[in-house]
Structure formats: structure tokens, C-alpha cells
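One letter stands for each residue in the lines below.
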Amino acid sequence: MNREVSLKDLFPLIDEQLKEGGFTVFAVHGTSMQPFLKDRESKVRLEKPKEAPKKYDVIFYTRPDGSFILHRIVGIKDGGFVCRGDNQTENEFSVSFDRVIATVTQYDRKGIWRSMDGLSQRIFARFWVNTVLFRKITRKIISFLRRK
């Protein structure tokens, strides 16, 4: 039996597990990381970062309002991370290192676990991050054509 539990309720357990050097796995909820991670289908393995996260890493962090976010680092600016969901075109600036809870080290798609360090993932991340302008323009054109 599958049961949905909020991250806010589970966070104390997740935080304790991560601080003890362990990991946590959960199913992704939301569409901001599509097509890379699918809502309620993909799972991620999170671990405390052993070193400072870098561009193209996927991090799990909190916003000032307390919400939990899983997005990709698309840059580093003024001492903070610039993050964006793969299904989004707008950046979130100034995500400080102290708000980073964990990094995604592995992901599961269709029952197969893959490393974030794998060649195909590294190629996808670079391609996807660096084609955001093209995707943004394409979305605007499609939206315009649908209104006509």
C-alpha cells in the first residue's frame, strides 16, 4: 500500500538520517523537473553534499517560506546558487549553501537506478540548461499560435 506523506512531516527524520551520513529516497512530486524527473513516477536518492554543489547538480533545498524544492543549479552568482526546474524557464537567484539540504546522487526511472555522474545524465544536464532560451522562445510561439 502506498501512502502519501508530506515532506514537512517527514523532514525531521530525513534531516536526522542525512546528518548521520545516510541517505533518503522519495518519489518526486510536481512537474518542475520534467522531462528529467516525472511526477509520482521518478524517485531520487538524496545525500548530504560531500563538497559544495556545482553547476548542473540537482539539489534539494528550502525557500525562505519553508517550502521544499528540488531544482538544478544553472549557475553560481554573488555567492549563491542560481537554480531552475528543468521544466521552467525562469531562474531562482541567491539560493545560499546553508539552505541546501542534500544533493541528488541517483535517480530511478522505470525501475532502473542511474547515477547523476553518468555520461548520459551529464550530457542531458548541459544540453537542457544551455537550451533554455530556445525552449522559452518556442513556448511563446506555440502560445501565440494557439491564441490565433
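Heads up: these notes are all about the structure in this document. (Residues numbered from 1 in each chain as written. Predicted model: local features only at pLDDT ≥ 70, side-chain atom pairs only at ≥ 80, totals over all residues. Heavy atoms only, no water.)

Describing the overall build of the chain
Inclusion rule: Helix and strand assignments come from DSSP, with helices taken as H or I runs of at least 4 residues and strands as E runs of at least 2, each series counted from the N terminus. The cut-offs for exposure are 20% and 50% of the maximum accessible area for each residue type, with area from a 1.4 Å probe on protein chains only; residues under the lower value are buried, those over the upper are exposed, and the others partly exposed. Contacts are assigned to residue pairs with any non-hydrogen atoms lying within 4.5 Å of each other. Every accessible area reported is derived by Shrake-Rupley at a probe size of 1.4 Å, with residue values counting cover from the shown protein chains alone. A residue counts as positive if it is Lys or Arg and as negative if it is Asp or Glu; His and the chain ends are not included. Lys charges are placed at NZ, Arg charges at CZ, Asp charges at CG and Glu charges at CD.
A tally of regular secondary structure across the chain gives 3 helices and 8 strands. Each helix and strand of the chain, ordered N terminal to C terminal, gives the series α-β-β-β-β-β-β-β-β-α-α. With respect to the principal axes defined by its C-alpha atoms, the chain has extents near 55 × 45 × 35 Å. In the chain, buried positions account for 36% of the 148 residues. Contacts in the chain between residues far apart in sequence, at least 24 positions, make up 53% of those at least 6 positions apart. Element-wise, carbon and sulfur atoms account for 54% of the exposed surface of the chain, whose accessible area totals about 9500 Å². Between the averaged position of the 28 positive side-chain charges in the chain and that of its 18 negative side-chain charges there is a distance of 9 Å.

Details of a nonpolar patch on the surface
Let me state the cut-off plainly: For patches, a residue must show more than 30% relative accessible area and have no salt bridge; joins then use 9 Å for like charges and 5 Å for nonpolar side chains, namely Val, Leu, Ile, Met, Phe, Trp and Tyr. Salt bridge, as applied in this entry: a Lys or Arg side-chain nitrogen positioned within 4 Å of an Asp or Glu carboxyl oxygen.
A cluster of nonpolar side chains, contributed by Leu133, Ile137, Ile141, Phe144 and Leu145, occupies part of the molecular surface with about 500 Å² of accessible area. Mapped onto the elements of the fold, phenylalanine 144 is located in helix H3 (residues 132–147).

Let's talk about the packing of aromatic side chains
Heads up, the rule is: Under the pairing criterion, centres of Phe, Tyr and Trp rings, with the six-membered ring standing for Trp, must be within 6.5 Å; the plane angle then separates stacked pairs below 30 degrees from edge-to-face pairs above 60, leaving the rest tilted. Two thresholds decide whether a charge sits over a ring: the Lys NZ or Arg CZ must be within 6 Å of the ring centre and within 35 degrees of the ring normal.
This model, assessed by the stated rule, comprises 7 aromatic pairs. Each ring, one from phenylalanine 11 and one from phenylalanine 68, has its centre 5.2 Å from the other, and the planes form 40°; the classification is tilted. With phenylalanine 11 in helix H1 (residues 7–19) and phenylalanine 68 in strand E4 (residues 68–77), this pair connects stretches of sequence that are 57 residues apart. Among the residues examined, phenylalanine 11 registers a relative accessible area of 22% and is labelled partly exposed. Given a relative accessible area of 22%, phenylalanine 68 falls into the partly exposed group. Feature note: the residues Phe36, Tyr107, Phe124, Phe127 and Trp128 constitute an aromatic cluster, connected by ring pairs. Lying over the aromatic face of phenylalanine 23, arginine 45 brings its terminal NZ or CZ to 3.4 Å of the ring centre. One cation-aromatic arrangement involves arginine 72 over phenylalanine 36; the distance from NZ or CZ to the ring centre is 5.1 Å.

Examining unusual backbone geometry
Cis rather than trans, the peptide bond between glutamine 34 and proline 35 has omega equal to 10°. Located in the positive-phi region is lysine 110, a residue other than glycine, with phi close to 55°. Residue lysine 110 is classed as exposed on the basis of its relative accessible area of 79%.

On their own, these measurements won't tell you what the molecule is for.
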